[in-house]
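# Residue-level structural notes
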Amino acid sequence: MTAAMFDHDGPWTEEEQLALGETSQRVELFDGSLHLTSAPTPRHQNISGELRAALRVPAREAGLHVLEAVNVRLKPGRIPIPDLVITDEIDFDEPNIEASDVRLVCEIISPSNAATDKVLKMHYYAAAGIPWYLLIEQQSGTLHLYRRQGRHYIEQSVAAVGEVLELVEPVRAKIRPEDLVP
């Protein structure tokens, strides 16, 4: 994979990104450029797994799906890999999920990608029309829930350790930060 990436000329296409196949790194596509991040830490994966477990039953009850680390096509040539998404009914055999099928997107902030999650991805997700954005701070466990308003997100609620984040859309769930952070 590394040789193919460095021998590449010009902007990357969706087809070229997908042809790289599965790797230990997350390879996201942003407007012709690849964005690579290393495999997540055990802390990150614990948070993601616990959140998915907390949302699994509420999502099923709402007729929705909870998925971790999948390609989401925000528009042609813009395909991030969020940490977790809640989707409508989708085709599980397609490599990309369309933004129009995503009801909530979640990113777990790592020190190495904080600006990407708080600025770039937040802007892209809102512009793509995804109604809800959940940001989780790895170290503190603080949960930030944003609701889309126009082409931007506004903070709906925040929950730190000892508090409860209550979701009413797209699913009904109560999440305690201390249940996510090891």
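For the structure itself, consult the block above.
Let me sum up the structure you'll find in this document.

Scoring rules and cut-offs
Within any chain, residue numbers begin from 1 and follow the written order of that chain's sequence. The predicted nature of this model means local features are confined to residues of pLDDT at least 70 and side-chain atom pairs, given and counted, to a pLDDT of 80 or more, with totals for whole chains, interfaces and linings taken over all residues. Processing note: side-chain calculations cover all non-hydrogen atoms of the structure and skip hydrogens and water entirely. When the centres of two rings from Phe, Tyr and Trp lie within 6.5 Å, Trp using its six-membered ring, the rings pair. Their planes under 30 degrees apart give stacked, over 60 give edge-to-face, and anything left gives tilted. Helix and strand assignments follow DSSP, with helices taken as H or I runs no shorter than four residues and strands as E runs no shorter than two, numbered in order from the N terminus. For the exposure calls, accessible area comes from a 1.4 Å probe over protein chains only, and a residue counts as buried if that area is under 20% of its type's maximum, exposed if over 50%, partly exposed in between. Look at NZ for Lys and CZ for Arg. If either is within 6 Å of the ring centre and within 35 degrees of the ring normal, a charge sits over the ring. In what follows, a contact means two residues having at least one pair of non-hydrogen atoms within 4.5 Å. To estimate how far a helix should extend, the number of its residues minus one is multiplied by 1.5 Å. What the bend at a residue measures is the angle between two axes, fitted to the seven residues ending there and to the seven starting there. Salt bridges are defined as contacts in which a side-chain nitrogen from Lys or Arg sits within 4 Å of a carboxyl oxygen from Asp or Glu.

### Brief notes about the packing of aromatic side chains
Given two aromatic rings, one states the distance between the centres and the angle between the planes to describe the pair. Evaluation of the coordinates by the stated rule reveals four aromatic pairs. Ring geometry for Tyr125 against Tyr133: centres 5.3 Å apart, planes inclined by 70°, an arrangement best described as edge-to-face. Between Tyr133 and Tyr146, the ring centres sit 6.3 Å apart and the planes meet at 35°, which makes this aromatic pair tilted. One end of the pair, Tyr133, is in strand β9 (residues 132-137); the other, Tyr146, is in strand β10 (residues 143-149), and 13 residues separate them in sequence. Of the two residues examined, Tyr133 and Tyr146, each falls in the buried class. One aromatic cluster in this structure is built from Tyr125, Tyr133, Tyr146 and Tyr153. Between Arg78 and the ring centre of Tyr124, over which it is positioned, the NZ or CZ distance is 3.6 Å.

### Topic: the environment of Arg78
Tracing the backbone through its elements, the reader meets Arg78 in strand β5 (residues 78-79). Through-space distance from the C-alpha of Arg78 to that of Phe30 is 4.6 Å; in sequence the pair is 48 residues apart. Setting aside anything within four residues of it in sequence, one finds Arg78 in contact with Leu29, Phe30, Asp31, Val72, Arg73 and Tyr124.

### Remarks on the side chain of Gln17
Position of Gln17 relative to the elements: it lies in helix α2 (residues 14-19). Excluding residues within four positions of it along the chain, Gln17 makes contact with Trp12, Val27, Glu28, Leu29, Leu34, Asn71 and Ile79.

### So, helix α3 (residues 42-61)
In a regular helix each residue adds 1.5 Å, so 20 residues correspond to 28 Å; α3 covers 29 Å between its end C-alpha atoms and thus fits that length. Approximately 35° is the largest bend angle found in α3, and it occurs at Leu55, with the proline Pro58 only one to four residues beyond. Restricting attention to buried positions, one finds in α3 the residues His44, Ile47, Ser48, Leu51, Leu55, Pro58 and Ala59. Residue Gly63 follows α3 closely and has a positive phi angle near 75°.

### Considering the pattern of salt bridges
Within this structure, the stated rule accounts for nine salt bridges. In this structure, the salt-bridge partner of Arg78 is Asp31, at a minimum N-O distance of 2.8 Å. Of this pair, Arg78 sits in strand β5 while Asp31 sits in the loop between β1 (26-30) and β2 (33-37), and the two are 47 residues apart along the sequence. Look at Asp31 and you get partly exposed, because its relative accessible area is 41%. Between Glu178 and Arg176 there is a salt bridge, with the nearest N and O atoms lying 3.4 Å from each other. Owing to a relative accessible area of 29%, Glu178 belongs among the partly exposed residues under this scheme. Each of Glu14, Arg73 and Glu98 takes part in a single network of salt bridges with overlapping partners.

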